[in-house]
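Now for the letters of each chain:
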Amino acid sequence: MIKNNSEMKVTINNQQQELEAMTVAEFAAKQQLPDKGVALAINNEMVSREQWAERHICEGDDIVILKAFCGG
């Protein structure tokens, strides 16, 4: 199997995975994240939705997806 040069290793919610190079917006679409109730942090820094289309995911990034939920 030939490995695509754009593939990279990242950590998503404490699980190492391989992704193709993409923006946060493209990542969110691939993950089918809802339009509301989701926050995303990369390397312990929150990434605002306004930055998703411009922020690229890089090799070694630690991505945390936080989903809002009800309860108490």
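Residues numbered from 1 in each chain as written. Predicted model: local features only at pLDDT ≥ 70, side-chain atom pairs only at ≥ 80, totals over all residues. Heavy atoms only, no water.

## A few points about a nonpolar patch on the surface
Taken together, the side chains of Met46, Val64 and Leu66 make up a nonpolar region of the molecular surface, amounting to roughly 250 Å² of accessible area. Structurally, Val64 is set in strand E5 (residues 62-67). (Patch = residues over 30% accessible without salt bridge, like charges linked within 9 Å, V, L, I, M, F, W, Y side chains within 5 Å. Areas by Shrake-Rupley, 256 points an atom, 1.4 Å probe, with all protein chains shown as cover. Salt bridge = Lys/Arg side-chain N within 4 Å of Asp/Glu carboxyl O. Helix = DSSP H or I, 4+ residues; strand = E, 2+ residues; numbered from the N terminus.)

## Some remarks on the sheet that holds strand E2 (residues 15-20)
Taken in spatial order, the 5 strands of this open sheet run E2-E1-E5-E3-E4, and their pairing is mixed. A strand with exactly one partner marks an edge of an open sheet, and here the two such strands are E2 and strand E4 (45-46). Pairing between strand E3 (residues 38-42) and E5: 5 bridges, direction antiparallel. Paired with Leu40 across the bridge in E5 is Ile65. (Pairing = 2+ DSSP bridges.)

## Focus on the environment of Asp35
Assignment of secondary structure puts Asp35 in the loop between helix H1 (24-30) and E3. According to the relative accessible area criterion, Asp35 is exposed, its value standing at 67%. Taking the C-alpha atoms as reference points, Asp35 and Gln15, 20 residues apart in sequence, are found 23 Å from one another. (Buried < 20%, exposed > 50% of the residue type's maximum accessible area, 1.4 Å probe, protein only.)

## Regarding the side chain of Thr23
Tracing the backbone shows Thr23 in the loop between E2 and H1. Excluding residues that lie within four positions of it along the chain, Thr23 makes contacts with Trp52, Ala53, Arg55, His56 and Ile57. (Contact = heavy atoms within 4.5 Å.)

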